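Chains, contacts and geometry: an overview
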Amino acid sequence: MTIILKINERYICKKKLKVAADAIKKGQLVVFPTETVYGLGASAYNPKACKKIFEVKGRPADNPLIVHVANIKQAKKIAEFNPIARKLAKLWPAPLTLVLRKKDKKIPKIVTAGLDTIAIRIPRHRVALELIKASRPIAAPSANISGTPSGTTLRHIIDDFFGKVSVIIDSGIARYGLESTIVDLSRGKAILLRPGSLPAEKISKIVELEIPPEAKALKKAKKAIAPGMKYRHYSPSVPVIVVENEKEKNIKRIAEEYKQSKLRVALIASKNYAKLRLFKKFKTERHFAKHLFAWLRFFDKKSDVIIVEAVKEHGLGLAIMNRLRKAATKII
Ligand code: AMP
Ligand code: MG
């Protein structure tokens, strides 16, 4: 049985929060809000509970989880903080995940997929923080069936997990809509593993950040820079066509071509190029990032093909393009 608890971030209901925290303590699964996307959480110290995360998501065992903590003290108990980590940790709570050397032997192997490093973050969401405080660190990947767009609204969570988890906390639509930025600090320098809701420029202001081509999900980047990155990601079941070149002309032509072959065409773009019924317009990168997964999920139910206009790779654009390239069946 799944309980749905509506918890407002501004007025947190302690009674409801306790129900969720007790479920975590008992080794059950709880879907909870963060500022990035919803997380599918279990006690980070309970291997059986963490195993359930992999089962209900259909997540490969070699794809490690992010451990969410409520404060620096918890973080320092779990991982070794080098000088760069101490600098970047000052950004917390934030949509920033740091990969550090693992210290705490009590964290089970399943959480880190057997690695000697661990991904850790303090989320900037009061419900998440209160839940962690009440139940200790929580291991949580994004709440979605493996390979599909992450869940950012209650609807998505119900579609994927109703009946499969003990508790779903609903705190409304996720503020950022894309996952955290992941930076590897375990090798003595800062390497961007996954662009995310914290723009890389904010990190570069503090430390020198290496941005390998893999972080942009460019075609030439064949090898995975981090476990899990090699897998199909963020993909709806219908084809996704990302238009990177000659935007306007191409988008119009492609949309017309599909329309003529009687396919239901959906378009995500900055302008309505093709007079389509299934159309979402993004105004800014922030707006695009916040709704991208929701739009992909929505059009997955309604269309036969989704065409998406590319954006420039700065600020949130880096994360948007990473997700789009990974979701794409074709890049033009
Ligand atoms: P998700 O929470 O679903 O966005 O997935 C978390 C991602 O964090 C995984 O796909 C990994 O790529 C990354 N990750 C977690 N732990 C580590 C680690 N120890 N080293 C490198 N990457 C990691
Ligand atoms: Mg994920």
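Look up a bit, the structure's there.
Please read all numbers here as calculations on a predicted model, not as lab measurements. (Residues numbered from 1 in each chain as written. Chains lettered and ligands numbered in written order. Predicted model: local features only at pLDDT ≥ 70, side-chain atom pairs only at ≥ 80, totals over all residues. Heavy atoms only, no water.)

1. Section: the packing of aromatic side chains
Applying the stated rule across the entire model yields 4 aromatic pairs. Both rings, one in F81 and one in W92, keep their centres 6.2 Å apart while their planes meet at 75 degrees; by these two values the pair is edge-to-face. Pair noted here: F81 is in the loop between strand 5 (79–80) and helix 4 (83–88) and W92 is in the loop between helix 4 and strand 6 (96–102), with a separation of 11 residues, a long-range link. When sorted by exposure, F81 lands in the same class as W92, which is buried. Taking the centre distance of 5.7 Å and the plane angle of 50 degrees together, the rings of F298 and F299 count as tilted. Residue F299 is classed as buried on the basis of its relative accessible area of 1%. Positioned above the aromatic ring of F298 is the side chain of K280, whose terminal nitrogen or guanidinium carbon lies 5.0 Å from the ring centre. (Phe/Tyr/Trp six-rings, centres within 6.5 Å; stacked < 30°, edge-to-face > 60°. Helix = DSSP H or I, 4+ residues; strand = E, 2+ residues; numbered from the N terminus. Buried < 20%, exposed > 50% of the residue type's maximum accessible area, 1.4 Å probe, protein only. Lys NZ or Arg CZ within 6 Å of the ring centre and 35° of its normal.)

2. Here we look at the pattern of salt bridges
As enumerated under the stated definition, the model contains 17 salt bridges in all. Between R175 and E9 there is a salt bridge, and its shortest N-O distance comes to 3.0 Å. In this pair, R175 is assigned in the loop between strand 9 (167–170) and strand 10 (181–184) and E9 in the loop between strand 1 (3–6) and helix 1 (14–25), connecting sequence segments 166 residues apart. Residue class for R175 comes out partly exposed when judged on its relative accessible area of 31%. One salt bridge in this structure joins R187 and D184, with 2.6 Å as the shortest N-O distance. Residue D184 is classed as buried on the basis of its relative accessible area of 4%. Here the salt bridges share partners, and the residues they tie into one network are R155, D159 and K301. (Salt bridge = Lys/Arg side-chain N within 4 Å of Asp/Glu carboxyl O.)

3. A short note on the packing of helix 10 (residues 285–302) against helix 11 (residues 317–327)
Interhelical geometry of helix 10 versus helix 11 gives an angle of 30 degrees and a closest axis separation of 9 Å. Comparing their axes, helix 11 and helix 10 come out roughly parallel. Regarding helix 10 and helix 11, the two cross each other, and that crossing is left-handed. Within the contact between the two elements, helix 10 uses E285, F288, A289, L292 and F293 and helix 11 uses G317, I320, R323 and L324. Looking at side-chain class alone, the contact of helix 10 with helix 11 contains 6 nonpolar, 1 polar and 2 charged residues. (Axes fitted to C-alpha atoms, helices over the stretch in contact; angles between N-to-C directions. Parallel < 35°, antiparallel > 145°, perpendicular 65-115°, else oblique. Left-handed = near helix turned anticlockwise from the far one by under 90°. Contact = heavy atoms within 4.5 Å. Nonpolar A, V, L, I, M, F, W, Y, C, P; charged D, E, K, R; others polar.)

4. Examining the sheet that holds strand 15 (residues 278–281)
Sheet architecture is open: 5 strands sit in the order 15-14-16-13-17, paired in parallel fashion. Looking along the sheet, the strands with just one partner apiece sit at the ends: strand 15 and strand 17 (330–331). In this sheet, strand 15 lies alongside strand 14 (residues 265–269) in parallel orientation, the contact comprising 4 bridges. Looking at the pairing, I268 lines up with K280 of strand 15. Contacting strand 14, strand 15 and strand 16 (305–309), helix 10 crosses the sheet at an angle of about 175 degrees to strand 15. (Pairing = 2+ DSSP bridges.)

5. So, the side chain of S303
With respect to the secondary-structure elements, S303 resides in the loop between helix 10 and strand 16. Given a relative accessible area of 2%, S303 falls into the buried group. Not counting chain neighbours up to four residues away, the residues in contact with S303 comprise V238, R264, A266 and L278.

6. Structural notes on unusual backbone geometry
What you tend to see is this: most non-glycine residues have negative phi, and most peptide bonds are trans. Going from W92 to P93, the amide bond is cis rather than trans, its omega being 0 degrees. With respect to the secondary-structure elements, P93 resides in the loop between helix 4 and strand 6. At A113, a residue that is not glycine, the phi angle is positive and equals roughly 55 degrees. Following the sequence through the fold, A113 ends up in the loop between helix 5 (109–112) and strand 7 (117–121). By relative accessible area, which is 27% here, A113 ends up partly exposed. Although it is not a glycine, R136 sits at a positive phi angle of roughly 75 degrees.

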